[in-house]
Amino acid sequence: PRVKGWDFSFLYQYQGFWCPSRYLHGILSFQRHFQAKDTDIVLVTFPKSGTTWLKALTYTIANRSRYTLENTPLLTTPSHDLVPFTDLEIYSKNQSSILEDLPTPRILATHLPYASLPQSIINSNCRIVYLCRNPLDQFTSYWHFVLQPADPVSIDEAFEKFCQGVTMFGPVWDHELGYWKASLEKSNNVLFLKYEDLKEDIIYSTKKLADFIGCPFTNEEEAQGVIEEISKFCSFDNMKNLQVNQTGKVAYFGMETKAFFRKGKVGDWTNHLTPSMSKRLHNLMEEKFGESGLMTFLQS
Ligand code: A3P
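As named in an unreviewed UniProt entry, the protein chain is Sulfotransferase, taken from Dipteronia dyeriana. As stated in UniProt under Sequence similarities (unreviewed entry), the record for the protein chain gives "Belongs to the sulfotransferase 1 family."

Next up, the structure:
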């Protein structure tokens, strides 16, 4: 079935998730042709869960021997162009050959559910970093983000669809659960992070991310305060205020960079959603997550 989304394009149900039709070709091509390397780092998020932040952090950590914070390309290029979505952008534009020229480790990005990742990623030893976010904040962020195109919809109507699972790459519970289970089964290959944890202790999270992707900070770097500097550089306030994120455009999406920086806060949903909406989603997630332990993790 296809549904006219309150979205950029029609959504098709494909492999159990709601796939934006305009990207179907790129996704299929990624699934069929992508060849993973053991050194690859794959960043995965549900849309509006902190992708821009995760890309900036990972890029900075992994490239810190090549660039300082004074000359990092992030000062002039949006993180979405430095780490473009492999399926939605690179494969959609038939540019897969550029993947061969990326420096090691290659940093890739996708919104695909775990079960729909290219088999080559699952079979390789590459590392997958998954960042999730309280779905109420994620939904609130998404509602604001998609209202900018000329397809406005009330928050009530949008929430109704969200609770039915009809949203880009949704349902959100399947998305999160897929990576949660994978992180329990293959903890060396899948790191499951939470936006709220990054907000609460970014130093700890930056260190954890660096360790996981195989770029740990040395004792000397720690002593010099490098972790703090990188964390601060990638913070919402700093990133939002960079010229490139005030007036630039993401070349791949053709979208204004400033659209990716709204509030950057935990709990903004309380300004837009009612307690009964929150309860409804909470009950849904509890039911879907069952005994997986994910509900406890999300609430911790
Ligand atoms: P809000 O709309 O709640 O402000 P994505 O990058 O996946 O599209 O997610 C966008 C959300 O992450 C937006 O949330 C945005 O403000 C927030 N964000 C972007 N950069 C951030 C950063 N460096 N630190 C924290 N949050 C950030």
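## A closer look at the state of the cysteines
Should the sulfur atoms of two cysteines be covalently bonded, the bond is a disulfide. Scanning the model with the defined rule gives 0 disulfides in all. Cys-126 takes part in no disulfide bond, and the closest cysteine sulfur to it belongs to Cys-215, at a distance of 14 Å. You can call Cys-126 buried: its relative accessible area is 2%. Free of any disulfide, Cys-234 has its nearest cysteine sulfur in Cys-215, 14 Å distant.

## Details of the pattern of salt bridges
Per the stated rule, a full pass over the model turns up 8 salt bridges. The closest approach of N and O atoms between Arg-280 and Glu-160, which form a salt bridge, is 2.9 Å. Linking Arg-280 in helix 15 (residues 275-289) with Glu-160 in helix 7 (residues 155-163), this pair joins segments that are 120 residues apart in sequence. Arg-280 sits in the partly exposed class, given a relative accessible area of 35%. Under the relative-accessibility criterion, Glu-160 is labelled partly exposed at 33%. Where salt bridges share partners, they join Arg-262, Lys-263 and Asp-268 into one cluster.

## Let's talk about helix 1 (residues 24-33)
All of the buried residues in helix 1 are Gly-26, Ile-27, Ser-29, Phe-30 and Gln-31. Here the buried face of helix 1 lies against strand 2 (10-14), strand 3 (17-20), helix 4 (86-91), strand 5 (107-110) and helix 5 (119-123).

Rules of the game
Residues numbered from 1 in each chain as written. Predicted model: local features only at pLDDT ≥ 70, side-chain atom pairs only at ≥ 80, totals over all residues. Heavy atoms only, no water. UniProt positions renumbered as here; feature names shortened; annotations may be inferred. Disulfide = S-S within 2.5 Å. Buried < 20%, exposed > 50% of the residue type's maximum accessible area, 1.4 Å probe, protein only. Salt bridge = Lys/Arg side-chain N within 4 Å of Asp/Glu carboxyl O. Helix = DSSP H or I, 4+ residues; strand = E, 2+ residues; numbered from the N terminus. Contact = heavy atoms within 4.5 Å.

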